[in-house]
Protein chains: 2
Amino acid sequence: MSAASPQEYIADPSHIEARSFELIRQEAQLDHLSRYEQQVAMRVIHSLGMPELAQHLRFSGTACAAGMQALTAQAPILCDAEMVKEGVTKRMISEAPLCFLNHPETPKLAAQHGETRSMAALRQWEPHLEGAVVLIGNAPTALFRLIEMLHGGAAKPALIIGMPVGFVGAAESKQLLWEQHQALGVPCITLLGRIGGSAVTAASCNALLRCIRGELY
Amino acid sequence: MSAASPQEYIADPSHIEARSFELIRQEAQLDHLSRYEQQVAMRVIHSLGMPELAQHLRFSGTACAAGMQALTAQAPILCDAEMVKEGVTKRMISEAPLCFLNHPETPKLAAQHGETRSMAALRQWEPHLEGAVVLIGNAPTALFRLIEMLHGGAAKPALIIGMPVGFVGAAESKQLLWEQHQALGVPCITLLGRIGGSAVTAASCNALLRCIRGELY
């Protein structure tokens, strides 16, 4: 039989993690990235099992520093989806991330405006946006709406981690973020193309939280 | 500018979903799959934005039927991680899925046995296993441990959706599930290789829940 028998697998968690990141360093192209960017890239790769994701990642120049500074200052973490929120490692944050997708007002607002629930949820981000760390890992419409809000003069987050997933609008919304973040004056980390989701998005935030604590691979 | 301007994107949720599944049908190889298997494959593809995942999916002969029957009977849904649990669409289930990863006993059990928390959490699955729908979307060690438990005579779940992710043990644990499910007498759905995670795992369960409700693309 080609597969390992159940007796042979590695069960020690620190051994599993160390070996995982050793393999990622061997297989992924990371040389073009700075020290902290490499940590983000490795966590993104780890979360989906895909070394090739490194080439689709984009970091604005100050993104990691800005994110680490905001997270150190316990800035609010705003999430577009509950799975993203759930993915942020609890032991490294003092306040739960915010997500308004399942807020009682959200479905009403969405129906009223003929828009997605993800877009409607962002109507409740306004008072929390300034200096926040934004995690968009599900809905392209949330990222489009956030860019609209920023063009309209909304307060600026410290960092946008924008990695929505899918076949309609995901690649386009991330391309738009990457092209316009400088004009908007907001640092960003994104993963160009269709691939994305809650795992890569939360992993990016977790990587920054680990960098702050000196937990680097 | 190559990207769509913020004004041009599709904001109508039913339009987004219909167009997404139209594109998936065009791009993915689904002809070798049955009607319900195609629905699972399309939701898996949708959750990561990757049409090529269809070729790595494996379904045992009765997997979709067994899962749909168990879910219709409101069998317990057992999850290895909170993100998987969070990913199951709430409106389609009457009882919350079970996850013991953050149970107060779990870290103690893990330290005591020198194993991952994911493995320790499975020690609390025993009374719920019979006829359950099992979702393993994070930890290879959870899938290895479940296979061990089944070899040891544990009660049989109705279906295992086994799609853990990563560089150490993920591909091996899924290969082992695929090779041994028949001998163990348990239907399964898996995604061979390193790619996996909470999104594809929850999407598979959600696809079966939608099939039950006749929500097919």
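Rules behind the numbers
Residues numbered from 1 in each chain as written. Chains lettered and ligands numbered in written order. Predicted model: local features only at pLDDT ≥ 70, side-chain atom pairs only at ≥ 80, totals over all residues. Heavy atoms only, no water. Helix = DSSP H or I, 4+ residues; strand = E, 2+ residues; numbered from the N terminus. Disulfide = S-S within 2.5 Å. Buried < 20%, exposed > 50% of the residue type's maximum accessible area, 1.4 Å probe, protein only. Contact = heavy atoms within 4.5 Å. Buried area = accessible area lost by both parts, 1.4 Å probe. Salt bridge = Lys/Arg side-chain N within 4 Å of Asp/Glu carboxyl O. Polar contact = N/O pair within 3.5 Å; in protein donor to acceptor, adjacent residues only side chain to side chain. Axes fitted to C-alpha atoms, helices over the stretch in contact; angles between N-to-C directions. Parallel < 35°, antiparallel > 145°, perpendicular 65-115°, else oblique. Left-handed = near helix turned anticlockwise from the far one by under 90°. Nonpolar A, V, L, I, M, F, W, Y, C, P; charged D, E, K, R; others polar. Phe/Tyr/Trp six-rings, centres within 6.5 Å; stacked < 30°, edge-to-face > 60°. pLDDT = per-residue confidence, 0-100. Pairing = 2+ DSSP bridges. Expected span 1.5 Å × (residues − 1). UniProt positions renumbered as here; feature names shortened; annotations may be inferred.

## Focus on the environment of R19 of chain B
In step 1: Looking at where R19 of chain B falls in the secondary structure, it is placed in helix α1 (residues 13-27).
In step 2: Placed 49 residues apart in sequence, R19 of chain B and M68 of chain B show a C-alpha to C-alpha distance of 26 Å.

## Some thoughts on the state of the cysteines
All names here are of chain A.
In step 1: Under the criterion given, the structure shown has zero disulfides over all chains.
In step 2: Lacking any disulfide linkage, C188 is separated from the closest cysteine sulfur, that of C64, by 11 Å.
In step 3: With a relative accessible area of 0%, C188 lands in the buried category.

## As for the interface of chain A and chain B
In step 1: Chain A puts 51 residues into the contact, and the matching count from chain B is 51 residues.
In step 2: Here chain A and chain B share an interface that buries about 4,100 Å² over both sides, 71% of which is from carbon and sulfur atoms.
In step 3: At the junction of chain A and chain B, the tally comes to two salt bridges.
In step 4: In this structure, E27 of chain A engages R194 of chain B in a salt bridge whose closest nitrogen and oxygen atoms are separated by 2.7 Å.
In step 5: Here chain A is connected to chain B by six residue pairs in polar contact (both at pLDDT 80 or more).
In step 6: Secondary structure elements with two or more residues in the side of chain A that touches chain B: α1 (13-27), α2 (35-48), α4 (82-87), α7 (140-151), α8 (170-184) and α9 (198-212) of chain A.
In step 7: Of the residues forming the side of chain A that touches chain B, the biggest block, seven residues, is contributed by α1 of chain A.

## Comments concerning the packing of helix α7 (residues 140-151) of chain B against helix α8 (residues 170-184) of chain B
Residue and element names in this part refer to chain B.
In step 1: Contact geometry for α7 and α8: axes closest at 9 Å, N-to-C directions at 25 degrees. Between α7 and α8, the angle falls in the class roughly parallel. α7 and α8 meet at a crossing whose hand is left-handed. Together, P140, L143, F144, I147, L150 and H151 of α7 and A170, E172, S173, K174, L176, L177, Q180 and L184 of α8 make up the contact between the two elements.
In step 2: Partitioning the contact of α7 with α8 into residue classes produces nine nonpolar, three polar and two charged.

## Comments concerning the packing of aromatic side chains
All names here are of chain A.
In step 1: Counting across every chain of the model gives four aromatic pairs over all chains.
In step 2: Here F21 and Y217 contribute two aromatic rings whose centre-to-centre distance is 4.5 Å and whose plane-to-plane angle is 10 degrees, an arrangement assigned as stacked. Residue F21 is found in helix α1, and its partner Y217 is found in the segment after α9; the two are separated by 196 residues along the sequence.
In step 3: Residue F21 is classed as buried on the basis of its relative accessible area, which comes to 3%.
In step 4: Judged by relative accessible area, Y217 falls into the partly exposed class, the value being 33%.

## A word on the confidence of the model for chain A
In step 1: Per-residue confidence for chain A gives a mean pLDDT of 95; residues scoring 70 or more make up 97%.
In step 2: Predicted complex, confidence summary: ipTM 0.95, pTM 0.96.

## Points about the sheet that holds strand β4 (residues 159-162) of chain A
Residues and elements named next belong to chain A.
In step 1: Pairing within the open sheet is mixed, and its five strands lie in the order β1-β5-β4-β3-β2. The sheet is open, and its two borders are formed by β1 (57-59) and β2 (77-79), each paired with just one other strand. Within this sheet the neighbouring strands show an average axis-to-axis angle of 10 degrees, counted without direction.
In step 2: In the sheet, β1 pairs with strand β5 (residues 188-191) via three bridges, with the strands oriented antiparallel. Note on β5: the bridge partner recorded for F59 is I189.
In step 3: Here helix α3 (residues 63-72) sits on the sheet in contact with β1, β2, β3 (133-136), β4 and β5, set at roughly 115 degrees to β3.

## Describing unusual backbone geometry
In step 1: Residue Q74 of chain A is not a glycine yet carries a positive backbone phi of 55 degrees.
In step 2: Inspection of the secondary structure assignment puts Q74 of chain A in the loop between α3 and β2.

## As for the sheet that holds strand β1 (residues 57-59) of chain B
Residues and elements named next belong to chain B.
In step 1: Here we have five strands laid out as an open sheet, ordered β1-β5-β4-β3-β2, and mixed in their pairing. Of all strands in the sheet, those with a lone pairing partner are β1 and β2 (77-79), marking the two edges. The average undirected angle you get between the axes of adjacent strands in this sheet is 10 degrees.
In step 2: In this sheet, strand β5 (residues 188-191) lies alongside strand β4 (residues 159-162) in parallel orientation, the contact comprising three bridges. Bridge pairing links G162 to T190 in β5.
In step 3: Running over the sheet, helix α3 (residues 63-72) touches β1, β2, β3 (133-136), β4 and β5 and is turned about 115 degrees from β3.

## A short note on helix α2 (residues 35-48) of chain B
In step 1: Its 14 residues place the ends of α2 of chain B 21 Å apart at the C-alpha level, agreeing with the 20 Å of an ideal helix rising 1.5 Å per residue.
In step 2: Among the 14 residues of α2 of chain B, eleven are classified as buried, and the element is accordingly described as predominantly covered.
In step 3: For α2 of chain B, the complete set of buried residues consists of E37, Q38, Q39, V40, A41, M42, R43, V44, I45, S47 and L48 of chain B.
In step 4: At its buried positions, α2 of chain B is contacted by α2 of chain A together with α1, β1, α3 and α9 (198-212) of chain B.
In step 5: G49 of chain B, located one to two residues past α2 of chain B, shows a positive phi value of around 70 degrees.

## Observations concerning the UniProt feature "domain: Cobalamin biosynthesis precorrin-8X methylmutase CobH/CbiC" (unreviewed entry) in chain A
In step 1: UniProt records the feature "domain: Cobalamin biosynthesis precorrin-8X methylmutase CobH/CbiC" (unreviewed entry) at residues 16-210 of chain A, using the numbering of this structure.
In step 2: The span residues 16-210 of chain A is 49% helix and 9% strand, and its two end C-alpha atoms sit 17 Å from each other.

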